[in-house]
Amino acid sequence: MAFIKIQNVVINTSYVAAVRLDTQTSLGEKSVSVLVATPQFPLLQWDTIAENLYHYEWMEFTGQAANVLQDYFTSFNNVIDLLPQYQESSPV
């Protein structure tokens, strides 16, 4: 389990479900969005299977926080890129 701190937000990386890199806000600012999935534990329903075991929330970061997150989630130490710079070649 690892934690990342962005400004005043600390995220447990075990709960990061997805990351959107190179997106923009409605104002045209560069942003990075992180989908965080936090477990929900029903207090009185231990014997039944709950349909929604996780709560999902997108967190959007801009400015320096977006740059740092993009660096973190594109680092070869943290993420393996399965299709690096994949582009289809045109037939000759």
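Below is a short write-up of the structure. (Residues numbered from 1 in each chain as written. Predicted model: local features only at pLDDT ≥ 70, side-chain atom pairs only at ≥ 80, totals over all residues. Heavy atoms only, no water.)

**Comments concerning a nonpolar patch on the surface**
Together, Met1, Phe3 and Val10 make up an exposed nonpolar region whose accessible area comes to about 390 Å². For Met1, the location among the structural elements is in the segment before strand S1 (3-6). (Patch = residues over 30% accessible without salt bridge, like charges linked within 9 Å, V, L, I, M, F, W, Y side chains within 5 Å. Areas by Shrake-Rupley, 256 points an atom, 1.4 Å probe, with all protein chains shown as cover. Salt bridge = Lys/Arg side-chain N within 4 Å of Asp/Glu carboxyl O. Helix = DSSP H or I, 4+ residues; strand = E, 2+ residues; numbered from the N terminus.)

**A few points about the sheet that holds strand S3 (residues 16-24)**
Taken in spatial order, the 3 strands make up an open sheet running S3-S4-S5, and their pairing is antiparallel. What marks the edges here is a single partner per strand, and that holds for S3 and strand S5 (54-62). The average angle at which neighbouring strand axes cross in this sheet is 15°, direction not considered. Here S3 pairs with strand S4 (residues 30-39) via 6 bridges, running antiparallel. (Pairing = 2+ DSSP bridges. Axes fitted to C-alpha atoms, helices over the stretch in contact; angles between N-to-C directions.)

**Structural notes on the pairing of strand S2 (residues 9-12)**
When S1 meets S2, the two strands line up antiparallel, connected through 4 bridges. Of the residues in S2, the one forming a bridge with Ile4 is Ile11. From the end of S1 to the start of S2, which pair antiparallel, there are 2 residues, and Gln7 there has a positive phi angle of about 55°.

**Some points on the nonpolar core**
Core analysis: the largest hydrophobic core is formed by 11 residues, namely Ile4, Ile6, Ile11, Val32, Val34, Val36, Phe61, Ala65, Ala66, Leu69 and Phe73. Ranked by the residues each element gives to this core, the list is headed by helix H1 (residues 63-74), at 4 residues. Excluding anything up to four places from it in sequence, Ala66 contacts Lys30, Ser31, Val32 and Phe61. (Core = buried A, V, L, I, M, F, W, Y, C linked by side-chain atoms within 4.5 Å. Buried < 20%, exposed > 50% of the residue type's maximum accessible area, 1.4 Å probe, protein only. Contact = heavy atoms within 4.5 Å.)

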